[in-house]
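# Tertiary structure, described
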Amino acid sequence: MKRTLIALGTLVLATNVPAAGGDDPVLAKVMIDRFERQHTGGDDPLMLEADVWIGRDLHKLWFKTEVERVGGETEEAEIQALYSRAIAPYWDLQVGWRHDAMPKPERDWLAIGFNGLAPYWFEVDAAAFVGGNGQVAARFTGEYEWLFTQKLVLSPELEVNLHGKDDRATGVGSGLSDLELGLRLRYEIVREFAPYIGINWTKKFGDTADFARDHGEDTSDAQVVVGFRAWF
Amino acid sequence: MSRISLPHPGAFSPSRRRFVTGLAAGGALLGLGINPATGRAAATPPGRQQVLSGTRFDLTYSPTPINLTGAERQATAINGTVPAPVLRWREGDTVTLKVTNHLAEDASIHWHGLILPSSQDGVPHISDGFEGIPPGESFTYQFPVKQSGTYWYHSHSGFHEQTGSYGAIIIDPAGPEPFACDRDYALVLSDWSDEDPNHIYATLKKLSHYYNFRERTIFDALAEIREKGWAGYRAERDMWDTMRMSDRDISDVTGYTYTFLMNGVTPAEGWKGLFRRGERVRLRIINAAAMTFFDLRIPGLEMTVVAADGQNIEPVTVDELRLGVAETYDVIVRPQDDRPYTVFAQAIDRSGYARGTLTPDLALAGEVPEMDPAPILTHGDMGMDMAAMGHAGHDMGANDSADGGMPAMDHSGHDMGGMDHSGHDMGGMEARPAIGSGTAGYGSSRPVVHADTEYGPHIDMRADAPQYRLDDPGVGLRDNGRRVLTYADLFNIGATPDPREPGREIDLHLTGNMSRYMWSMDGIKFADAEPLGLKFGERVRINLINDTMMNHPIHLHGMWSDLETGDPGRIPRKHTVIVQPGARISYLVTADAMGGWAYHCHLLYHMPGMFRKVVVS
Ligand SMILES: [Cu+2]
């Protein structure tokens, strides 16, 4: 799948844009937002957060993925395949399918959300999900950028997950399930590649926290993270 | 020895042949001129341009290795040189130009600013019957030369213009020139990138500020808070932050990837032109860049501007002038000292410069001045009615810091009263209509209305109160302590050729979405647009309203754009007109050329969308 996409992307990038017309070629962008090792006391988790889009100015096919591996095991893996349509100068409406491959059991969701840039330069991705088992969920992620220099960028991030009801099998509880706060300082060696260091703090709430305690897991966790951001 | 060292006008014919052969021989050295990596005899002036003259020309496109940065790239060169050879024609001749394409893609040549039949204009799928020149084939252009002055030629296919397909055209008048000069140089300014232009275009669509390395930092914010207080700072920032736009957004593509060239020579090497003390030197300055506006000055010399876009104007003396992409100006300078003078052409965003030297001795090079501070856009540049917004004070502050810290009022001051610059003209001359009064020469009196097509995800801004800003030299040049040419200085040297009042008016809004990197007119991109119809023989006014934060150089093919600068009797004729951000401008067009014509923004990466076909029938 991925290989096909990349091949398709390369093919598309090679096409010529004529001077009159052809203003809107099919393009593809691969964006690795976070690829990082999180330094904890025990096994250090490896995190990947990436987007791939392919399409034109106003219509795109958009894939999002989040994978977490601990000690060689994939603990969390999620992929979304969305149709992304521009609905306002800075906003895309995104509709599609979300699949949670890990943790087991697998869950499938219908996804609908907004992705874009809010006034005052907040990058926002807010989505609602309807699961096959009658579960509903919502996720909000926000990000901001402070430039120290043209290449040194401090970026706070917030992610919040909410669920309609308990899902003991996957360990999520109803209401506010978890929250993640991050602060990453990246250095853009070139625009396309930036190593970073940062801190990441996660906290589980309510039943989600209880489920975690039952498994002998921490309900809140702060880590130093080291990774890179890259796109092409 | 100089490149286009011409004898006096009039003394032309006898020396012409020898002159041409001399330069043809010189032309062989050009490869050295554009390739600093290879050695060269010290006495050879860099950037020697090949000049071709006469009435029959063979021009050949071929992929040509070029090395301007230390990395070898392929240029889409014409006759093996970048820029292409200078073409020297004579008014009244009929020229025949056989263009052969040895590239792997379709090619074309458009004769920029030339009045000729549509079929010879060279825009594939727009010019009557012209579909481009396929690989391996030739196309022979033939047309009578009906004008004189400085023009240029360039590809109208793909992004070939970015990779070197441009050159100067000099047309000697049938009669005598209205001004004398001892030497004559073409200065072709351009921007070169080692990147594939298709890649540049794709990059802009993925991350529109990719090439901008002058974004606001935390330290800028802290300095402003210290200076203005939190409330003052917030009032200043609010519009930008809610609009999600950057006041540092001046050029889409910058010196980060560009090397700026003067006659194909890098700033490191520097083009050189000879003079003898006291001589009158004519410089034919052509902005052949793909994306870069240049602000040109020659410290120590004042420049007398004698022609704009090839057409003679009432001479006006300035220290500095801005050339939008595709514009040309002819200036005459008269160096009084035996010393080198630097010809300094800063990119509008101050991310780099093109450089040359006028010198009595090739061994000498002039001192290179510091670049000016990078410009910062103001609320006025966004077409805001500042009086209504009550932000006037803040804007002035921003202007001051943007434009060199001069405490004086700048031109936005005029706008702030809700008036335009007509107030200016009124002072000196009694009973002159104001700019924007509606009669020929003064621009439109129509209110600005935004069409429904200007709303949607493809448009990020509409100017609330776009003003005529003819006497505004533009962002980065206001109140810099120098006399800077403005459009309000341009007056035709003779009477207005077509003094009719316009029979009708056409409003065209220049529109786009910066961050999605989409460009259009009236919110409709070329691919979705109907052709713009003009009736043969009609006199029409075109009002351009810039609903974006970029300067757009708008070029109408085949017919003159008679720019309304405030004198109906001496309306200057241009082929390319800068529309400043958030501003409006008007010109009159006599639809005296049948057929299909291109009409577009001349910024290469705006052009695919911000483009119309004009049909005169
Ligand atoms: Cu433009």
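Residues numbered from 1 in each chain as written. Chains lettered and ligands numbered in written order. Predicted model: local features only at pLDDT ≥ 70, side-chain atom pairs only at ≥ 80, totals over all residues. Heavy atoms only, no water.

### Some thoughts on the overall build of chain B
Tallying secondary structure elements over chain B gives eight helices and 32 strands in all. The buried share of chain B, reckoned over its 617 residues, is 65%. Sequence separation of at least 24 residues holds for 76% of the intrachain contacts in chain B that already meet a minimum separation of 6. Per element, the accessible surface of chain B, about 19800 Å² overall, is 53% carbon and sulfur. (Helix = DSSP H or I, 4+ residues; strand = E, 2+ residues; numbered from the N terminus. Buried < 20%, exposed > 50% of the residue type's maximum accessible area, 1.4 Å probe, protein only. Contact = heavy atoms within 4.5 Å. Areas by Shrake-Rupley, 256 points an atom, 1.4 Å probe, with all protein chains shown as cover.)

### Looking at the coordination of the copper ion
All names here are of chain B. Around the copper ion, the donor atoms from the protein are H552 (ND1), C601 (SG) and H606 (ND1), and they sit 2.0 to 2.1 Å away. Mapping the donors of the copper ion onto the primary sequence yields the spacing H-x48-C-x4-H. Residue H552 is located in strand β26 (residues 552–556), and its partner H606 is located in the loop between β31 (595–601) and β32 (611–616); the two are separated by 54 residues in the primary sequence. Owing to a relative accessible area of 0%, H552 belongs among the buried residues under this scheme. For H606, a relative accessible area of 0% gives the class buried. (Donors = N, O, S within 2.8 Å, 3.2 Å for Na, K, Ca; no water.)

### A word on the environment of D196 of chain B
Residues and elements named next belong to chain B. On the secondary structure map, D196 appears in the loop between β10 (183–193) and α3 (197–206). A sequence separation of 370 residues divides D196 from G566, and the C-alpha atoms of the two residues are 43 Å apart. Side-chain polar atoms of D196 contact the backbone nitrogen of N198, separated by 2.8 Å. (Polar contact = N/O pair within 3.5 Å; in protein donor to acceptor, adjacent residues only side chain to side chain.)

### Considerations on the nonpolar core
Counting residues in hydrophobic clusters, the biggest one holds 148 residues, and the most contacted among them are W89, W111, L358 and Y605 of chain B. In terms of residue count, β10 of chain B provides more of this core than any other element does, six residues in total. With residues near it in sequence (within four places) discarded, Y605 of chain B still touches F159, Q162, P197, I200, Y201, L204, V253, Y258, M291, Y517 and W519 of chain B. With ten residues, the next largest nonpolar core counts W62, L82, W109 and A127 of chain A among its residues. (Core = buried A, V, L, I, M, F, W, Y, C linked by side-chain atoms within 4.5 Å.)

### Quick notes on the pattern of salt bridges
All names here are of chain B. Within this structure, the stated rule accounts for 61 salt bridges over all chains. Among the salt bridges present, the one from D172 reaches R88, with a minimum N-O distance of 2.6 Å. On the criterion of sequence distance, the pair formed by D172 in strand β9 (residues 166–172) and R88 in strand β4 (residues 84–90) is long-range, its members being 84 residues apart. Judged by its relative accessible area of 6%, D172 falls in the buried class. R88 sits in the buried class, given a relative accessible area of 2%. With a shortest N-O distance of 3.1 Å, R541 and E505 are connected by a salt bridge. Within this pair, whereas R541 is found in strand β25 (residues 539–546), its partner E505 is found in strand β22 (residues 504–513), the two being separated by 36 residues in sequence. (Salt bridge = Lys/Arg side-chain N within 4 Å of Asp/Glu carboxyl O.)

### Notes on the pairing of strand β4 (residues 73–88) of chain A
Residue and element names in this part refer to chain A. Two strands pair when backbone bridges link them, and strand β3 (residues 59–70) and β4 are joined in this way by twelve bridges, in the antiparallel orientation. Across the sheet, the residue bridging to E66 is E78, located in β4. Where β3 folds back on β4, the antiparallel hairpin that results is connected by two residues, among which G71 adopts a positive phi of roughly 55°. Looking at chain direction, β4 and strand β5 (residues 91–102) are connected through eleven bridges and run antiparallel. The residue of β5 that forms the bridge with A88 is W91. As consecutive antiparallel partners, β4 and β5 are separated by two residues. (Pairing = 2+ DSSP bridges.)

### Some words on the pairing of strand β13 (residues 281–287) of chain B
All names here are of chain B. Buried residues dominate β13, accounting for seven of its seven residues. Direction of pairing for β10 relative to β13: parallel, over a ladder of seven bridges. Each residue of the ladder has a partner; that of L189, found in β13, is N287.

### Remarks on the sheet that holds strand β1 (residues 51–53) of chain B
Residue and element names in this part refer to chain B. Spatial strand order, β1-β4-β9-β8-β6: five strands in an open sheet with mixed pairing. Since the sheet does not close on itself, it has two edges, and those belong to β1 and β6 (110–112), each with one partner. Within this sheet the neighbouring strands show an average axis-to-axis angle of 25°, counted without direction. When strand β8 (residues 149–154) meets β9, the two strands line up antiparallel, connected through six bridges. When the bridges of β9 are listed, Y153 appears paired with G167. (Axes fitted to C-alpha atoms, helices over the stretch in contact; angles between N-to-C directions.)

### Examining helix α4 (residues 218–243) of chain B
Owing to its 3.6 residues per turn, the α-helix aligns residues three or four sequence positions apart on the same side. Residues and elements named next belong to chain B. In this model α4 runs just 19 Å from its N-terminal to its C-terminal C-alpha over 26 residues, more than 12% under the 38 Å that 1.5 Å per residue would give. Bending of α4 peaks at approximately 115° at the position of G229. Note on α4: the residue one or two positions beyond its end, R244, has a positive phi of about 60°. (Expected span 1.5 Å × (residues − 1). Bend = angle between axes of the 7 residues up to and from the residue.)

### Let's talk about the confidence of the model for chain B
Residues and elements named next belong to chain B. When the pLDDT values of chain B are averaged, the result is 86; 85% of them are 70 or greater. Ignoring residues within four places in sequence, the model shows residues 1–46, a span with pLDDT below 50, making 90 contacts including any to other chains. Long-range and interchain partners of residues 388–429, a stretch whose pLDDT sits below 50, account for 74 contacts in this model, where long-range means more than four residues apart. Prediction confidence for the complex, expressed as pTM and ipTM, is 0.88 and 0.91 respectively. (pLDDT = per-residue confidence, 0-100.)

### A look at the interface of chain B and chain A
Each partner contributes to the interface: chain B provides 46 residues, whereas chain A provides 40 residues. Between chain B and chain A, a total of about 3700 Å² is buried, with carbon and sulfur atoms accounting for 58% of that surface. The tally of links from chain B across to chain A stands at four salt bridges. The salt bridge involving D24 of chain A is made with K525 of chain B; its shortest N-O contact spans 3.6 Å. At the junction of chain B with chain A, the criterion picks out 23 residue pairs in polar contact (both at pLDDT 80 or more). Elements represented by at least two residues in the side of chain B that touches chain A include exactly α3 and α4 of chain B. Take the side of chain B that touches chain A: its biggest share by element is eight residues, from α4 of chain B. Taken together, the residues that form the side of chain B that touches chain A break down as 20 nonpolar, 13 polar and 13 charged. (Buried area = accessible area lost by both parts, 1.4 Å probe. Nonpolar A, V, L, I, M, F, W, Y, C, P; charged D, E, K, R; others polar.)

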